[in-house]
Amino acid sequence: MSNHPSNHPSFSQLGVAEPLCRALAARNYHRPTPIQARAIPLLLDGRDIVGVAQTGTGKTAAFALPILQLLGTPDRRNGPRALVLAPTRELAIQIADGFKAYGANTKLRLAVIFGGVSQRGQVDRLRRGVDIIVATPGRLLDLMNQGHAALGGIQHLVLDEADRMLDMGFIRDVRKIIAALPHDRQALLFSATMPAAVERLTADILHRPTRIDIVPKAVAVESIRQSVHFVDAKAKLGLLRDLMADQRLSRVIVFTRTKHRANRVADNLVKAGIAAEAIHGNKSQGARQRALESFRQGRARVLVATDIAARGIDVVGVTHVINFELPNEPESYVHRIGRTARAGASGVALSFCDASEYAFLRDIEALIRMPITVDGGERPSGVVSAKPAQRGRGRAGRQRNRPRRGGRPARRAA
Ligand code: AMP
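Just so it is clear, the structure is predicted and the values come from calculations on it, not from any experiment. (Residues numbered from 1 in each chain as written. Predicted model: local features only at pLDDT ≥ 70, side-chain atom pairs only at ≥ 80, totals over all residues. Heavy atoms only, no water.)

1. Comments concerning the overall build of the chain
Part 1 of the argument: When you go through the chain residue by residue, the secondary structure sums to 17 helices and 14 strands.
Part 2 of the argument: Going through the 414 residues of the chain one by one, you find that 53% of them count as buried.
Part 3 of the argument: Taking as baseline every contact in the chain between residues at least 6 positions apart, the subset at least 24 positions apart corresponds to 74%.
Part 4 of the argument: Of the accessible surface of the chain, which amounts to about 18700 Å², a share of 50% is contributed by carbon and sulfur atoms. (Helix = DSSP H or I, 4+ residues; strand = E, 2+ residues; numbered from the N terminus. Buried < 20%, exposed > 50% of the residue type's maximum accessible area, 1.4 Å probe, protein only. Contact = heavy atoms within 4.5 Å. Areas by Shrake-Rupley, 256 points an atom, 1.4 Å probe, with all protein chains shown as cover.)

2. Notes on the pattern of salt bridges
Part 1 of the argument: Using the criterion set out here, one finds 21 salt bridges in the structure.
Part 2 of the argument: The shortest N-O distance in the salt bridge between Arg 81 and Asp 131 comes to 3.8 Å. Here Asp 131 lies in the loop between helix H5 (120-128) and strand S4 (132-135) and Arg 81 lies in the loop between helix H3 (59-71) and strand S2 (82-85), a separation of 50 residues in the sequence.
Part 3 of the argument: Residue Arg 336 is joined to Asp 307 by a salt bridge in which the shortest nitrogen-to-oxygen separation is 2.7 Å. Highlighted residues: Arg 336 in helix H14 (residues 330-337) and Asp 307 in helix H13 (residues 307-310), separated in sequence by 29 residues. (Salt bridge = Lys/Arg side-chain N within 4 Å of Asp/Glu carboxyl O.)

3. Digging into the sheet that holds strand S7 (residues 210-213)
Part 1 of the argument: Judged by pairing direction, the sheet is parallel, and its seven strands sit side by side in the order S3-S4-S2-S5-S6-S1-S7 without closing on themselves. The two strands at the open ends of the sheet, each matched to only one other strand, are strand S3 (110-113) and S7. Taking the axes of each pair of neighbouring strands and ignoring which way they run, one obtains an average angle of 10 degrees across the sheet.
Part 2 of the argument: Inspection of the sheet shows S2 paired to strand S5 (residues 156-159) by four bridges, in the parallel sense. Residue pairing for S5: Val 84 is matched across the bridge by Val 158.
Part 3 of the argument: Strand contacts of H3: S2, S4, S5 and strand S6 (186-191), with the helix running at about 170 degrees to S5, the strand carrying the most contacts. (Pairing = 2+ DSSP bridges. Axes fitted to C-alpha atoms, helices over the stretch in contact; angles between N-to-C directions.)

4. Comments concerning the site of the ligand
Part 1 of the argument: In the region of the ligand, 15 residues are neighbours, and Tyr 29, Gln 36, Gly 56, Gly 58 and Thr 60 sit closest.
Part 2 of the argument: At a separation of 2.8 Å, an oxygen atom of the ligand approaches a polar backbone atom of Gly 58.
Part 3 of the argument: A distance of 3.3 Å is found between an oxygen atom of the ligand and a backbone nitrogen or oxygen belonging to Lys 59.
Part 4 of the argument: Protein chains bury 79% of the 500 Å² of accessible surface belonging to the ligand in isolation. (Near = heavy atom within 4 Å. Polar contact = N/O pair within 3.5 Å; in protein donor to acceptor, adjacent residues only side chain to side chain.)

5. Brief notes about helix H4 (residues 89-102)
Part 1 of the argument: Spanning 14 residues, H4 covers 20 Å between terminal C-alpha atoms, matching the ideal 20 Å at 1.5 Å per step.
Part 2 of the argument: Those residues of H4 that sit buried are Leu 91, Ala 92, Ile 95, Ala 96, Gly 98, Phe 99, Ala 101 and Tyr 102.
Part 3 of the argument: Against helix H1 (18-26), H3, S2, S3 and S4 lie the buried residues of H4. (Expected span 1.5 Å × (residues − 1).)

6. Quick look at the side chain of Glu 365
Part 1 of the argument: Within the element layout of this structure, Glu 365 appears in helix H15 (residues 358-368).
Part 2 of the argument: Residue class for Glu 365 comes out buried when judged on its relative accessible area of 0%.
Part 3 of the argument: At 3.0 Å, the side chain of Glu 365 forms a polar contact with the side chain of Arg 379.

Below is the structure:
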């Protein structure tokens, strides 16, 4: 992350104060990442922003630095002044660690609140007084209802991984929490994707936000052996079981589009004697962690996942990625297959494509600028593989040019 061209501004040129710059230097952050370079000046200026960006882009510092700076010195007369909501305990801890590191030279205090543990320590911490709360929605709402967390003094609100928060069913809790905050506050929303429900939330809680899109660096798809099987939807489960007879498929992630399908595929594999776990947003935090651990340690040979649930999961040694269903967003294909071929290893990605998915396949081939080798079944006539010259003509190409990708002018703050 530190190899940004030298003509990029420094943190101090973005307006970041000296004590914060010192903490960044101590962590060897020499240059702001693109999202930091764009977001920090706007946030220091008090604007609301929507950041379409994934974890790994440096988004935590992009919001933590301006918030730390705007809070300045501790003032706890009206309770905490900044609130960050995150979907999972891991992310909340990661964000809190970021605040602690970047704010090492400030006197600001922070509480990190999440479920699955006793609330005693969290309540004590809140009672002693904090400037910043980083929380998962469920536990925070519990504490609010018990009178342990008063949020009437919040001036800065961050919703991180908003799409995942919605996917995990936190939308009502999030809205209840927001209803308890003062109207006059700065609000930031980060999300890797912008489904309609996130757009609605954005419209409801942000004031004339500026939109910042950070497209993740594409993985080196060339190093991954990719192939496609043309197969009827009904024959997919059988094909998957047949493929699993090959023991070289020793650590496999199978992607489905829906949570329901993820469960079905995992159940089907288990019935066939293949150790498999499903991971998706309907599962509890504990269940997701157990499934992931079982896969990491090799007890489960297969992890069946939806796109959002798989985000941020970093398991080394994944031998194969199988797209049981093709994603309707071609970028998701690139994210999915990037799960294999980590750390220089070469990986294999197999995709099952039924008649209803041909269009998705064409979009993917247009995006990665190469045809995918056919390993089974026949490419239907009339569906030609995309050649590099065709890029930009397919749906994927049009999508790239959609105004929302570059920020909708009407939404920008004047
Ligand atoms: P995030 O997207 O916030 O989870 O950040 C991804 C990783 O990049 C974290 O490990 C950060 O510590 C690191 N990072 C964030 N900003 C910078 C920067 N400007 N220079 C170097 N590393 C960074």
